[in-house]
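Working through the structure, step by step
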Amino acid sequence: MRYLPLQPEDRQAMLGVIGANTIDDLFVDVPGAARLSGTVPGLPMHATELQVERQLGALARMNQAAGDGPFFLGAGSYKHHVPASVDHIIQRGEFLTSYTPYQPEIAQGTLQALFEFQTQVARLYGCEVANASMYDGSTACWEAIVMARRITRRAKAVLSAGLHPHYVSVCETMAKFTGDVLETALPKLDGTAGQEMARLIAAIDSETSCVVVQNPGILGRVADLSELAEACHAKGALLIAVVTEPVSLGLIKSPGEMGADIVVGEGQSLGVGLQFGGPYVGLFACAEKHVRQMPGRLAGETVDADGQRGFVLTLSTREQHIRREKATSNICTNSGLCALAFTVHMTLLGEKGLRDLAALNHALAVQAADRLAQVPGVKVMDGAFFNEFTLTLPKPSRQVVRDMAQNGVLGGVSLGRLYPDGDGRENGLLVAVTETTTSEDVEALCGALEEALA
Amino acid sequence: MSAINQSGWRPEMGSGAAGDAPATYTGNKALMLEEPLLFEIGDTARTGVDLPERPKVASRLSGLERNKPIGLPGLSEPEAVRHYTRLSRQNYAIDLGLFPLGSCTMKHNPRLNEKMARLPGFADLHPLTPVDGTQGALAVIHLVAEWLKALTNMPGIAMSPKAGAHGELCGLLAIRAAHEAKGDARKIILVPESAHGTNPATAAFAGYQVKGIPATEDGRVDLEALKAALSPEVAGVMITNPNTCGLFERDMIAICEAVHAIGGYVYCDGANFNAIVGRVRPGDLGVDAMHINLHKTFSTPHGGGGPGSGPVVFSAALAPFAPLPFVEKHDDRYVLVEEETVAEEGHSRAFGRMVAFHGQMGMFTRAAAYMLSHGADGLKQVSEDAVLSANYILRSLEGVMDAPFAGAGPCMHEAIFSDKGFAEGFSTLDVAKGLIDEGFHPMTVYFPLVVHGAMLVEPTETESKAALDQFIGALRSVAERAKAGDAALKAAPMYAPRRRLDETAAARKPVLVWKDPVQAQAAE
């Protein structure tokens, strides 16, 4: 029990000060029927550090890690190279083991980093203000819809067919309980994709709180949101843009610039890593006039008693610990450490690095798409994408993906896994290409695909 | 590309010096280094990352290329490392000393946990990897789930909630789904006054009306008031146990029975589970749903505010409604039940999905390492030492500071004090800031709301007796200064990187992003 400093004689001395005979005297308020004697049945006793390393190490080796071979999975979680300094910085104990900065005089490190993070996110998204992070992209997306309801006092949200199906699931789950009305559609692989923008615009009416559109969409398509933004504003609705791949914003016009009112998304691509789905970091930005309706934490600038610049958590009157049932959300924990990883990676990149990284991702993806189009039976669905695109295969992609994985190639995400209902989507394969993808990887994918389709 | 650092860092910005100490040219004070904002030292042309040449191909972005500057300054690698290392030194952290935040639980962070979470098989694993290639990760999720079920004696679990408050929402949605499955749409959730602020916010977020229940004079739920508020309209009760006054709810079994009698469910906020883990199983008390803050009870570092992880355990009545996805073990194989497989695995009552992927894998791995390290015997010792340490602080200080519930039975993992007896004009905040000068992070202040000028002290089990004694001495000294009206205390902290910060000014005219001073001035 290497984590427990108290010695038997310490415990005796402390019980003496308390005036108790045994430790059991401190649990007298627990009803007798629920008081355990002995240890909880069914669990092992304590283990050494070496034993734990062996047990968990064996489990880790059972997994097919992204770095184990050619890798093309995306769909809201992307493999990017993270500079070694990022993990070094976030493992510094003063960042890693500090709490929410409620005592700002001794939390300036966290607070200044969050203030810098907010500024970076706001600029990246083309918005005026950003918060100090959310759990992840999917929960940030739902919080944005709730915020739009509060601002517009309307409860109908129109969701784009390009929104990540898990994000749609989260929104549908929550809406069942809050009474929000969601209008959704499923993406098509049949060439009618271009009609999606027209569908969204037609769906906006006087009851619409917001339209939620992901860019690039789940199938990798990029779209101009300007016309949609105008249509929303003409009817008093808000445009919420979702970005699951923040690297794309190094190359593509920001949602804010295209007229989005609230921009949310996933920040995992920068600094955080794949982590089997979490922890991730939700990004959230909006216009300054809506800031008091925003969920989550905010770091703000102020001065101390000597007039020196410093940072504090601010506008907390929106939050659960003040407004309780009238709060803008129930969120208490954010993704502070992941936000730090994001901001350190972004600082290392800088604008030049981010633009170059985005351009590299895009160029490699274009090359890969052209090469994959040569595989017999394979079609590249769209002409416009960033670093992820959809292939249509002559047969369902679920088994193709499993077969390729058996051969050591993680060849993409089967649309059959994301959309179990079929309707033609089961033949879709979502392929993501990043700066970590080599031309050998692309050749390996082409070979594995040919074999799996044969 | 033009530099955005038009203002530059001015030495005088950091030169404020307390007392008679001379100002330094740099604003630095020996090892305490002032650090400008990234935006004042970086520029958009600089980068700390080398990228390979990219192939020359025509862009396929259908004309959506960015053509305006973004305004993201960069730093070279050594500059970036210095920037963040300097910032880190302005933080207090559990690695530096005792961090007695009540209701938050800051305990030692074993580095083994960090090492395990960073094994490539866990850290470099994509959530949509074919399930055959994720058996080890699913085994970890299953392992943590089984421990949580055993430690709570509750049969169902949802692993995906991302934090405690998210777990609360998960629990309430399961309650709502269970009522709706019976065609019984109830409207009200009862929440005691002593509950965490997240509880009423969560109930409102789940679409419920919130009705408060008062606390008794000895800091517990008023059982008679609770019974009087029960009706067929009540969907359930949210209760925190051990509660936010640091006390065990003695009437917990009676509360659960009364709520069940009207067809309601009991949600227990398990944020303070660390005080009873291994000694009390909430399922034995009659609880229907409880979230467990893995980052508190099972030691994930809090990283300046998160991430957390909030799995929820369920009674047999609520278990079928647990949300997707979840992990099951079929013979030797782990199965991930999600949209793709939910029909064939038969979980049609799952109330939906709460997050994009499977939850906080990084926290599951850390929790698994911690659970295995402690074992059933160690976890029991953990709660005993946590409770012992809290009571030691309570009894050592009750003669010096007002302890409103000192006569209400032993405290659990945290001891509560109030500002009663301080000199006119002196508050809990002054004591907190005084503790900073003593080298400690202050305890939780002004919480719970049922105590005026509350101070909630949670030492945890990972402090030695010597550390506790030093903290007790410091808190006694600062409290005595508050009682004596020592004017110098109003000026605390004197020795922190910053003196008292003006939070009112920050809220009145919020500055949430950095603006170039030249442009900001032009805009005014």
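Note that the coordinates shown come from a computational prediction; the quantities given were computed from them, not determined experimentally.

1. Regarding the overall build of chain A
Across its full length, chain A carries 14 helices and 13 strands. The dimensions of chain A, computed from C-alpha atoms along their principal axes, are 80 × 55 × 50 Å. In chain A, of all internal contacts separated by at least 6 residues, the share reaching a separation of at least 24 is 71%. Carbon and sulfur atoms make up 50% of the accessible area of chain A, which totals about 14200 Å².

2. Description of the overall build of chain B
When its secondary structure is counted, chain B shows 18 helices and twelve strands. Residues classed as buried in chain B amount to 65% of the 524 residues present. Across chain B, every contact between residues at least 6 apart in sequence was considered, and the portion connecting residues at least 24 apart equals 72%. If you sum the accessible surface of chain B, you get close to 17100 Å²; carbon and sulfur atoms cover 52% of it.

3. Comments concerning the interface of chain B and chain A
On the side of chain A, 200 residues touch chain B, which itself brings 220 residues to the contact. In this assembly, chain B and chain A are joined by 13 salt bridges. When the shortest N-O distance is used, the salt bridge between Glu 53 of chain A and Lys 115 of chain B registers 3.2 Å. Sorting elements by how many residues they give to the side of chain B that touches chain A places helix H13 (residues 361–397) of chain B first, with 27 residues.

4. Some words on the UniProt feature "domain: Glycine cleavage system P-protein N-terminal" (unreviewed entry) in chain A
UniProt's feature table lists "domain: Glycine cleavage system P-protein N-terminal" (unreviewed entry) at residues 1–446 of chain A, given in the numbering used throughout. Secondary structure across residues 1–446 of chain A comprises 37% helix and 13% strand; the distance between its end C-alpha atoms is 53 Å.

5. Details of the side chain of Asp 304 of chain A
Relative to the helices and strands, Asp 304 of chain A is located in the loop between strand E8 (299–303) and strand E9 (309–313). No salt bridge is formed by the buried Asp 304 of chain A, whose closest oppositely charged neighbour, Arg 498 of chain B, lies at an N-O distance of 4.6 Å. Here the side chain of Asp 304 of chain A touches Asp 306 of chain A through a polar contact of 2.9 Å, landing on its backbone nitrogen. Those residues in contact with Asp 304 of chain A that sit more than four places away from it in its chain are Arg 498, Arg 499, Arg 500 and Leu 501 of chain B.

6. What to know about the UniProt feature "domain: Glycine dehydrogenase C-terminal" (unreviewed entry) in chain B
Per the UniProt record, "domain: Glycine dehydrogenase C-terminal" (unreviewed entry) is annotated on residues 383–483 of chain B. A distance of 33 Å separates the end C-alpha atoms of residues 383–483 of chain B, which is 44% helix and 8% strand.

7. Remarks on the sheet that holds strand E1 (residues 129–130) of chain A
Residue and element names in this part refer to chain A. Reading across from one edge, E1-E7-E6-E5-E4-E2-E3 is the order of the seven strands in this open sheet, with mixed pairing throughout. Pairing within the sheet leaves two strands with one partner each, and these edge strands are E1 and strand E3 (181–183). Pairing between strand E2 (residues 156–159) and strand E4 (residues 208–214): four bridges, direction parallel. Bridging from a neighbouring strand, Lys 156 pairs with Thr 208 of E4. Sitting on the sheet, helix H9 (residues 226–234) touches E4 and strand E5 (238–243), and the angle it makes with E5 is about 145°.

8. Some remarks on the sheet that holds strand E13 (residues 428–432) of chain A
All names here are of chain A. Strand order in the open sheet formed by four strands is E10-E11-E13-E12, and the pairing between neighbours is antiparallel. Edge positions in the sheet fall to strand E10 (379–380) and strand E12 (413–414), since each has one partner strand and no second. Taken together, the two bridges between E10 and strand E11 (residues 388–392) define a ladder with antiparallel strand orientation. Looking at the pairing, Lys 379 lines up with Thr 392 of E11. In this fold helix H11 (residues 336–372) packs onto E10, E11 and E13, with an angle of close to 5° to the strand it touches most, E11. Sheet contacts for helix H12 (residues 397–406): E12 and E13; angle to E13, the most-contacted strand, approximately 45°.

9. Considering the UniProt feature "domain: Aminotransferase class V" (unreviewed entry) in chain B
Per the UniProt record, "domain: Aminotransferase class V" (unreviewed entry) is annotated on residues 178–303 of chain B. In residues 178–303 of chain B, helix accounts for 29% and strand for 20%; the two terminal C-alpha atoms are 36 Å from one another.

10. Quick word on the packing of aromatic side chains
Enumeration according to the criterion identifies eleven aromatic pairs over all chains in this entry. Taken together, a centroid distance of 4.7 Å and an interplanar angle of 40° make the contact between Phe 115 of chain A and Phe 311 of chain A tilted. Pair noted here: Phe 115 of chain A is in helix H5 (residues 108–125) and Phe 311 of chain A is in strand E9, with a separation of 196 residues, a long-range link. What links up through ring pairs into an aromatic cluster is the set Tyr 3 of chain A together with Phe 298 and Tyr 370 of chain B. Between Arg 425 of chain A and the ring centre of Tyr 419 of chain A, over which it is positioned, the NZ or CZ distance is 5.5 Å. A cation sits over an aromatic face here: Arg 176 of chain B above Tyr 208 of chain B, 5.4 Å from the ring centre.

11. Examining the pattern of salt bridges
Residues and elements named next belong to chain B. The full count for this structure, using the stated rule, is 49 salt bridges over all chains. One salt bridge in this structure joins Glu 35 and Arg 86, with 3.2 Å as the shortest N-O distance. With Glu 35 in the segment before helix H1 (38–41) and Arg 86 in helix H2 (residues 77–88), this pair connects stretches of sequence that are 51 residues apart. Judged by relative accessible area, which is 8%, Glu 35 ranks as buried. Across the pair Arg 500 and Asp 430 runs a salt bridge whose closest N-O atoms are separated by 2.8 Å. Of the two residues, Arg 500 sits in the loop between helix H16 (487–490) and helix H17 (503–508) while Asp 430 sits in helix H14 (residues 428–437), which places them 70 residues apart along the sequence. As far as the burial class goes, Arg 500 and Asp 430 line up, both buried.

12. Re the packing of helix H5 (residues 135–152) of chain B against H13 of chain B
Residue and element names in this part refer to chain B. The N-to-C vectors of H5 and H13 enclose an angle of 45°; their axes lie 9 Å apart at closest approach. When the axes of H5 and H13 are compared, the pair comes out oblique. Helix-helix and strand crossings are classified by hand; for H5 and H13 the assignment is left-handed. In this structure, H5 contributes Ala 137, Val 140, Ile 141, Leu 143, Val 144, Trp 147, Leu 148 and Leu 151 to the contact, and H13 contributes Met 361, Phe 364, Thr 365, Ala 368, Met 371, Leu 372, Gly 375, Ala 376 and Leu 379. Split by residue class, the contact of H5 with H13 holds 15 nonpolar, two polar and no charged.

13. Considerations on the pairing of E13 of chain A
Residue and element names in this part refer to chain A. Counting buried residues in E13 gives five out of five residues, a clear majority hidden from the surface. Every second residue of E13 is oriented toward a common face, with Gly 428, Leu 430 and Ala 432 on one face and Leu 429 and Val 431 on the other, all of them buried. Bridge count between E11 and E13: five bridges; the pairing is antiparallel. Paired with Leu 391 across the strands is Leu 429, a residue of E13. Sheet analysis places E12 next to E13, joined by two bridges and oriented antiparallel. Paired with Val 413 across the bridge in E13 is Leu 430.

14. Comments concerning unusual backbone geometry
All names here are of chain B. Cis rather than trans, the peptide bond between Gly 306 and Pro 307 has omega equal to 5°. Mapping Pro 307 onto the fold places it in the loop between helix H11 (294–297) and strand E7 (312–314). Leu 324 connects to Pro 325 through a cis peptide bond whose omega is -10°. Here Pro 325 lies in the loop between E7 and strand E8 (326–330).

15. Some remarks on helix H7 (residues 165–178) of chain A
All names here are of chain A. End to end, H7 covers 20 Å across 14 residues, agreeing with the expected 20 Å (1.5 Å per residue, within 8%). By the criterion of burial, H7 is predominantly enclosed, with eleven of the 14 residues buried. Restricting attention to buried positions, one finds in H7 the residues Pro 165, His 166, Tyr 167, Val 168, Ser 169, Val 170, Cys 171, Thr 173, Met 174, Ala 175 and Phe 177. The first or second residue beyond H7 is Gly 179, which carries a positive phi of 85°.

16. Some points on H14 of chain B
Residue and element names in this part refer to chain B. Taking burial as the measure, the ten residues of H14 include eight buried ones, the bulk of the element. Considered for burial, the residues of H14 that qualify are Thr 428, Asp 430, Val 431, Ala 432, Lys 433, Gly 434, Leu 435 and Ile 436. Phi turns positive, to about 90°, at Gly 439, one or two residues after H14.

Calculation notes
- Going along each chain's sequence as written, the residues are numbered from 1 onward.
- Naming scheme: in the order in which they are written, chains are lettered from A and ligands are numbered from 1.
- It should be noted that, the model being predicted, local features are given only for residues of pLDDT at least 70 and side-chain atom pairs only at 80 or more, the latter also being counted only at that level, while totals for whole chains, interfaces and linings use all residues.
- Only hydrogens and water are removed before side-chain values are computed, so all heavy atoms of the structure are retained for them.
- A run of DSSP states H or I qualifies as a helix once it reaches four residues; a run of E qualifies as a strand once it reaches two. Both are numbered from the N-terminal end.
- Two residues form a contact once any of their heavy atoms are found within 4.5 Å.
- For the area figures, the Shrake-Rupley method with a 1.4 Å probe applies, and any residue is considered shielded solely by the protein chains shown.
- Accessible area is worked out with a 1.4 Å probe on protein chains only. A residue is then buried under 20% of its type maximum, exposed over 50%, and partly exposed in between.
- Here a salt bridge means any side-chain nitrogen of Lys or Arg lying within 4 Å of a carboxyl oxygen belonging to Asp or Glu.
- UniProt positions are given in the numbering used here, feature names are shortened, and annotations may be inferred rather than shown by experiment.
- All tallies of charge rest on Lys and Arg as positive and Asp and Glu as negative; His and the ends of each chain are not included.
- Two N or O atoms form a polar contact when they lie within 3.5 Å of each other; inside protein one atom must be a possible hydrogen donor and the other a possible acceptor, and for residues adjacent in sequence the pair counts only when both atoms belong to side chains.
- The rule for pairing is simple: two strands pair if DSSP sees at least two bridges between them.
- Structural elements are reduced to axes, namely lines fitted to C-alpha atoms, with helices fitted over the stretch in contact, and the angle between N-to-C directions of any two is expressed from 0 to 180 degrees.
- Pairing of aromatic rings covers Phe, Tyr and Trp, the last through its six-membered ring, and needs centres within 6.5 Å; plane angles under 30 degrees mean stacked, over 60 mean edge-to-face, and all others mean tilted.
- Either the NZ atom of lysine or the CZ atom of arginine qualifies as a charge over a ring when it sits within 6 Å of the ring centre and within 35 degrees of the ring normal.
- Working rule for angles: under 35 degrees goes down as roughly parallel, over 145 as roughly antiparallel, 65 to 115 as roughly perpendicular, anything else as oblique.
- By definition, any crossing whose near helix is turned counterclockwise from its far helix by less than a right angle is left-handed, and any crossing with a clockwise turn is right-handed.
- Note on residue categories: nonpolar means Ala, Val, Leu, Ile, Met, Phe, Trp, Tyr, Cys or Pro, charged means Asp, Glu, Lys or Arg, and polar means any other residue, Gly included.
- Given the number of residues in a helix, its expected span is that number minus one, multiplied by 1.5 Å.

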